[in-house]
Amino acid sequence: DQVAQYDEQGYLVFPDLFSSEEVDVLRSEVDRISKVNSPMVVREGKDSAVKIMFRLHEADGDTASPAFGAACRTSRVLRIAQQCLHDDEIYMHHCKVNMKAAIEGSAWPWHQDFHSWHLDGITKPNMTTMTVMLTEASEFNGCMYVLPSSHKVGRTDPRWDDSTAYKLWAARPHDMKRFMGHFPKPVAIAGGPGTAAIFHCNLLHASGHNLSPDDRWQVFFSFNQCKNRPTEVENPRPDYV
Ligand code: SIN
Ligand code: MN
């Protein structure tokens, strides 16, 4: 079944999880919030195009969006996340929209999401992220790639990548070459608006520059088990990342 496939490959794709009417509402919210000035809105390039907007799911704050708050609480999203985490007691840890602007929108290097969350005090890699396409995602406009089954390697020792406006812990090139020789070929997570995919927090993933004349917008809802809530650490990152 699909849960067994998730456990084995580290991801699942759901075409048309959201309807075009629902996506339209979310897109108008992306338009609105992208004009907000806030530390939760990260910009890049000469035109200051938005790269990332964080924390749209909460009821308060600069980037609060009732529509995104509702979208991440739909039973279809929660049910899939609960099943993939093998736990009914989950909470939403993090939410962001990546707006990869036409021509300007930059790449994301190969990385595992869990490394940063672990540094924030989360003990176990029992987290998962559902992403929903708000525009078409294609190889031309910088869709995500996943390395199937790579979540099984556990946490790899990363390097600090400061090549884009959003600095993050990325996989080392030497490790990636080795992993790509070992695991099945990377899979492009492409599809029309409303397509969703869920992926394990240790699954290696990346995406390229947007070379197309159209923006690539995608929302990410990250879930954690309640029993795996962050413990106290010194200097955690802001809670919205
Ligand atoms: C991410 O890995 O967090 C973002 C990838 C993407 O937007 O393509
Ligand atoms: Mn990621």
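To keep things clear, this report deals only with the structure shown in the data block.

Calculation criteria
- Residues numbered from 1 in each chain as written.
- Chains lettered and ligands numbered in written order.
- Predicted model: local features only at pLDDT ≥ 70, side-chain atom pairs only at ≥ 80, totals over all residues.
- Heavy atoms only, no water.
- Helix = DSSP H or I, 4+ residues; strand = E, 2+ residues; numbered from the N terminus.
- Rg over C-alpha atoms; globule rule 2.2 N^0.38 Å.
- Buried < 20%, exposed > 50% of the residue type's maximum accessible area, 1.4 Å probe, protein only.
- Contact = heavy atoms within 4.5 Å.
- Areas by Shrake-Rupley, 256 points an atom, 1.4 Å probe, with all protein chains shown as cover.
- Near = heavy atom within 4 Å.
- Polar contact = N/O pair within 3.5 Å; in protein donor to acceptor, adjacent residues only side chain to side chain.
- Nonpolar A, V, L, I, M, F, W, Y, C, P; charged D, E, K, R; others polar.
- Pairing = 2+ DSSP bridges.
- Donors = N, O, S within 2.8 Å, 3.2 Å for Na, K, Ca; no water.
- Axes fitted to C-alpha atoms, helices over the stretch in contact; angles between N-to-C directions.

1. Quick notes on the overall build of the protein
In step 1: Along the backbone of the protein there are six helices and 13 strands.
In step 2: Its C-alpha radius of gyration of 17 Å places the protein within 12% of the 18 Å reference for a compact globule of 241 residues.
In step 3: Taking the principal axes of the C-alpha coordinates as reference, the protein spans close to 40 × 40 × 35 Å.
In step 4: A total of 241 residues make up the protein; the buried ones form 56% of that total.
In step 5: Here the contacts in the protein between residues at least 6 apart in sequence split such that 83% fall between residues at least 24 apart.
In step 6: When the accessible surface of the protein is totalled, it reaches about 11,000 Å², and 52% of it is carbon and sulfur.

2. Examining the site of ligand 1
In step 1: Taken together, Lys96, Asn98, Lys100, Trp108, His111, Met144, His205, Ser207, Arg216 and Phe220 make up all the residues around ligand 1.
In step 2: Between an oxygen atom of ligand 1 and a side-chain N or O atom of His111, the distance comes to 3.0 Å.
In step 3: His205 has a polar side-chain atom sitting 2.9 Å from an oxygen atom of ligand 1.
In step 4: Expressed as a share of its isolated accessible area of 260 Å², the protein-covered part of ligand 1 is 98%.
In step 5: Looking at the shell around ligand 1, the elements with two or more residues in it are strand E4 (90-100), strand E5 (108-111), strand E12 (205-207) and strand E13 (216-225).
In step 6: Per-element accounting of the shell around ligand 1 gives the leading share, three residues, to E4.
In step 7: Across the shell around ligand 1, the residue classes break down as three nonpolar, four polar and three charged.

3. Focus: the pairing of E4
In step 1: With 11 of 11 residues buried, E4 is to be regarded as a mostly interior element.
In step 2: Where strand E3 (residues 49-54) lies against E4, three bridges are found, and the strand directions are antiparallel. Within E4, the position partnered with Phe54 by the bridge is Lys96.
In step 3: The sheet contact formed by E4 and E13 spans 10 bridges and is antiparallel. In the sheet register, Lys96 faces E13, and the bridge partner there is Phe220.

4. Comments concerning the coordination of the manganese ion (ligand 2)
In step 1: Donor atoms from the polypeptide that bind the manganese ion (ligand 2) are His111 (NE2), Asp113 (OD) and His205 (NE2), placed at 2.1 Å.
In step 2: Donor residues binding the manganese ion (ligand 2) come from one chain and are separated in sequence as H-x1-D-x91-H. Here His111 matches Asp113 in class, with each residue buried.

5. Re the sheet that holds E5
Hydrogen bonds between backbone groups are what pair the strands of a sheet, and the pairing can be parallel or antiparallel.
In step 1: Sheet architecture is open: four strands sit in the order E5-E12-E7-E10, paired in antiparallel fashion. Both outer strands of the open sheet, E5 and strand E10 (187-189), are each paired with one neighbouring strand and no more. Direction aside, the axes of adjacent strands within the sheet are offset by 25° on average.
In step 2: With three bridges joining them, strand E7 (residues 144-146) and E12 adopt antiparallel strand pairing.

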